[in-house]
Amino acid sequence: MSAHTLTTATRTAPAPFKALRGLLALDAVVSGGNGLAYLAFPGPLGELLGVGRSTLLELGALLAVFGLAVGLLAARPQPPGLAVRAVIDVNLAWAVLSVVAMELWFEPTTAGYVWIPLQAATVVLFAVLQFTALRRPRA
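Keep in mind the model is a prediction, meaning the values are calculated, not measured. (Residues numbered from 1 in each chain as written. Predicted model: local features only at pLDDT ≥ 70, side-chain atom pairs only at ≥ 80, totals over all residues. Heavy atoms only, no water.)

Trainee: So what exactly am I meant to see when it comes to the overall build of the protein chain here?
Mentor: A count of helices and strands for the protein chain gives six helices and zero strands. In the protein chain, which comprises 139 residues, the proportion classed as buried is 37%. Intrachain contacts of the protein chain at a sequence separation of at least 6 include 71% that bridge at least 24 residues. Total accessible area computed for the protein chain in this model is approximately 7,700 Å², and 71% of it derives from carbon and sulfur atoms. (Helix = DSSP H or I, 4+ residues; strand = E, 2+ residues; numbered from the N terminus. Buried < 20%, exposed > 50% of the residue type's maximum accessible area, 1.4 Å probe, protein only. Contact = heavy atoms within 4.5 Å. Areas by Shrake-Rupley, 256 points an atom, 1.4 Å probe, with all protein chains shown as cover.)

In structure tokens:
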């Protein structure tokens, strides 16, 4: 799914769904991009963040698939509420598990101690904005 497809789909959505679809599209791009970066550069990013190479490969694959799924959801004219709630739940679980992993399993570098909470906060922001857009009254 290209950015052009997501942009075109967002422009043709019924008005109440435009914001939600835009947020889902942005989530897809950020999550998928992160995943592709982890898949492409697991060694250097692992050293930079203090996270193992194999862990980044696994996380990269997970994020790439998640990004694709969220992108497909964003391309729908009216994303189903249950599917959007699943994205929100996954985002919140990701954020919590990121911080827990940082403290219990990873041995982050200074960059890791900055990056991991920053990306967790970004994902929480996506979840909050998606939840808010989902709860908007539909005309």
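Trainee: Explain the side chain of D27 here, please?
Mentor: Mapped onto the elements, D27 comes out in helix α2 (residues 15-40). Here D27 occupies a buried position and makes no salt bridge, while the nearest side chain of opposite charge, R21, is found at 14 Å. (Lys, Arg positive; Asp, Glu negative; His and termini not counted. Salt bridge = Lys/Arg side-chain N within 4 Å of Asp/Glu carboxyl O.)

Trainee: Help me out: how do you make sense of the side chain of N91 in this one?
Mentor: Mapped onto the elements, N91 comes out in helix α5 (residues 81-104). Its relative accessible area of 3% is what places N91 among the buried residues. Leaving out residues up to four positions away in the same chain, N91 has contacts with D27, F66, V123, F126, A127 and Q130.

Trainee: I keep staring at the packing of helix α3 (residues 42-49) against helix α4 (residues 53-74) and nothing clicks. Help me out?
Mentor: The angle between the axes and the distance between the axes are what describe a pair of packed helices. Following both chains from N to C, one finds α3 and α4 inclined at 115°, their axes separated by 8 Å at the closest point. Looking at the two axes, α3 sits roughly perpendicular to α4. In the packing of α3 onto α4, the handedness of the crossing is right-handed. Residues P42, G43, L45 and G46 of α3 touch α4, and the partners they reach there are R53, L56 and L57. (Axes fitted to C-alpha atoms, helices over the stretch in contact; angles between N-to-C directions. Parallel < 35°, antiparallel > 145°, perpendicular 65-115°, else oblique. Left-handed = near helix turned anticlockwise from the far one by under 90°.)

Trainee: Looking at this model, I keep getting lost on a nonpolar patch on the surface. Mind explaining?
Mentor: Taken together, the side chains of L92, V124 and V128 make up a nonpolar region of the molecular surface, amounting to roughly 210 Å² of accessible area. Along the chain, the position of V128 falls in helix α6 (residues 110-135). V128 sits in the partly exposed class, given a relative accessible area of 44%. (Patch = residues over 30% accessible without salt bridge, like charges linked within 9 Å, V, L, I, M, F, W, Y side chains within 5 Å.)

Trainee: So what exactly am I meant to see when it comes to α6 here?
Mentor: One turn of an α-helix holds 3.6 residues; hence residues three or four places apart share an orientation. For α6, with 26 residues, the first-to-last C-alpha span of 38 Å sits near the 38 Å given by 1.5 Å per residue. For α6, the full list of buried residues reads G112, I116, Q119, A120, V123, F126, A127, Q130, A133 and L134. (Expected span 1.5 Å × (residues − 1).)

Trainee: Would you explain the nonpolar core in this entry?
Mentor: Residues L20, L24, V70, V84 and V87 are the most contacted members of the largest nonpolar core, which totals 16 residues. Of all elements in the fold, only α2, α4, α5 and α6 reach the threshold of two or more residues within this core. If sequence neighbours within four positions are ignored, L24 has contacts with V70, L73, A74, P79, V84, V87 and Q130. Formed by nine residues, the second largest nonpolar core is a distinct cluster that contains L49, W94, M102 and V123. (Core = buried A, V, L, I, M, F, W, Y, C linked by side-chain atoms within 4.5 Å.)

Trainee: Explanation requested: the environment of V30 in the structure shown.
Mentor: Along the chain, V30 falls in helix α2. Overall, the relative accessible area of 38% leaves V30 in the partly exposed class. As a C-alpha pair, V30 and V123 span 93 residues in sequence and 9.4 Å in three-dimensional space.

Trainee: What is the right way to look at the environment of R135 in this model?
Mentor: Looking at where R135 falls in the secondary structure, it is placed in helix α6. For R135, a relative accessible area of 62% corresponds to the exposed category. As for R135 and L20, which are separated by 115 residues in sequence, their C-alpha atoms are 9.7 Å apart.

By themselves these figures say nothing about function.
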